[in-house]
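These are the residues of each chain, in order.
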Amino acid sequence: MNRIRLTSLVAGVVVLLLSQAVDAQQWGNLKVRFAYDGEAPKAQPVEITKDLAYCGKFKPVDETLRVNAENNGIANVIVYVRTKDVAIHPEYDKLLKVPVKLDNKGCRFEPHVTLLWTKRTLELSNSDMVGHNTAVSTFFNDPINPLIPSGGVLKKQYQAEERLPAKVNCSIHSWMSCWLVIRTNPYAAAADKNGLVEIKNLPAGELEFQVWQERAGYISKVKVAGKPTEWLRGRTRVTIEAGKTADLGDVLVDPALFQK
């Protein structure tokens with residue numbers, strides 16, 4: 001057997017083994033809804049200190065704690081996998097060429113929580129008629145603070161994972177802030193307006209999740225299935241079963257966490 005044929009054979013075996021490994025991996029989902037365990041606080045307007053004629057018409061509010069008065073759902077609770085070296089479902093490969101967008105729009109950041117897998121590109125933009133700074137305060141990556149003019153777009157790639165969400169703010173408009181979650185896997189989510197979090201195609205097995213919210217920090221004092229529970233440093237372990245959804249139901253969050 002010549003060297004070329006041998007090399008081709010070895011390459012074929014490697015591809016086959018990798019394919020079999022992917023097929024052998026099993027997957028499941030996580031679902032949980034975070035709710036405020038008390039009377040829902042109302043969103044408060046922020047003070048407009050710059051570009052009042054333009055920004056004032058959008059009537060921005062304090063987004064550090066958003067609670068839905070209809071169902072007490074807490075928006076923007078962040079959940080991500082802490083377990084290292086997890087398998088990644090091939091379905092996520094479809095996202096690799098799609099940029100993750102963070103826009104300055106209506107004198108606020110949209111979205112309030114941006115989830116960035118390091119294999120994807122972050123696209124910072126400005127849809128407003130006024131200029132904005134987008135200062136990203138990272139620890140394991142170099143921080144940035146570019147001026148983005150109206151209609152401007154800036155692309156940024158990150159290499160290192162951030163252990164906690166990185167704060168983003170506008171140094172021109174002091175009330176503007178949001179959060180960037182930079183992870184080396186795609187398993188991260190932020191609660192919607194109803195407090196619902198779903199993460200799909202997780203590798204089956206026991207995984208450790210980090211739960212964090214900007215005003216509370218670590219979500220540690222909760223009720224799960226009506227039972228008071230302590231999540232040390234906002235971490236909890238969940239067993240993901242193959243082909244199933246691990247549904248934690250409504251997790252009630254102690255209001256005291258938000259009084260810091």
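Residues numbered from 1 in each chain as written. Predicted model: local features only at pLDDT ≥ 70, side-chain atom pairs only at ≥ 80, totals over all residues. Heavy atoms only, no water.

By the definition in use, this model includes 1 cavity of 30 Å³ or more. By volume, the largest cavity amounts to about 50 Å³. Looking at the largest cavity, the residues that line it are L30, V32, F34, V79, F209, V211, W231, T236, V238 and L248. Taken together, the elements giving at least two residues each to the lining of the largest cavity come down to strand 1 (27-36), strand 15 (205-213) and strand 19 (235-240). Here the lining of the largest cavity is built from residues that sort into 9 nonpolar, 1 polar and no charged. (1 Å grid on protein atoms, 1.4 Å probe; cavity = no way out; pocket = protein on both sides within 12 Å on 5 of 7 lines; lining within 4 Å. Points joined across faces, edges and corners; volume = space filled by probe spheres on them. Helix = DSSP H or I, 4+ residues; strand = E, 2+ residues; numbered from the N terminus. Nonpolar A, V, L, I, M, F, W, Y, C, P; charged D, E, K, R; others polar.)

What follows deals with the pattern of salt bridges. Going through the model one piece at a time under the given rule, you end up with 11 salt bridges. For K94, the salt bridge is made with E91, and the minimal N-O distance between the two is 2.8 Å. Its relative accessible area of 58% is what places K94 among the exposed residues. For E91, a relative accessible area of 38% corresponds to the partly exposed category. The salt bridge involving R183 is made with E161; its shortest N-O contact spans 3.4 Å. (Salt bridge = Lys/Arg side-chain N within 4 Å of Asp/Glu carboxyl O. Buried < 20%, exposed > 50% of the residue type's maximum accessible area, 1.4 Å probe, protein only.)

Checked against the element boundaries, V153 lands in strand 10 (residues 153-156). Sequence spacing of V153 and G205 is 52 residues, and the spatial spacing of their C-alpha atoms is 40 Å. If we skip the residues at most four places from it in the chain, V153 touches E123, L124, S125 and I148. (Contact = heavy atoms within 4.5 Å.)

Here the focus is the nonpolar core. Counting residues in hydrophobic clusters, the biggest one holds 34 residues, and the most contacted among them are L30, F34, I199, L202, F209 and I219. Elements supplying a minimum of two residues to this core: strand 1, strand 2 (78-81), strand 14 (196-203), strand 15, strand 19 and strand 20 (245-253). No other element matches strand 1, which puts 5 residues into this core. With residues up to four places along the chain from it excluded, the contact list for L30 reads V79, V197, E198, I199, L202, F209, V238, I240, T245, A246 and L248. Ranked by size, the runner-up nonpolar core spans 22 residues in total, among them C55, L124, V168 and C170. (Core = buried A, V, L, I, M, F, W, Y, C linked by side-chain atoms within 4.5 Å.)

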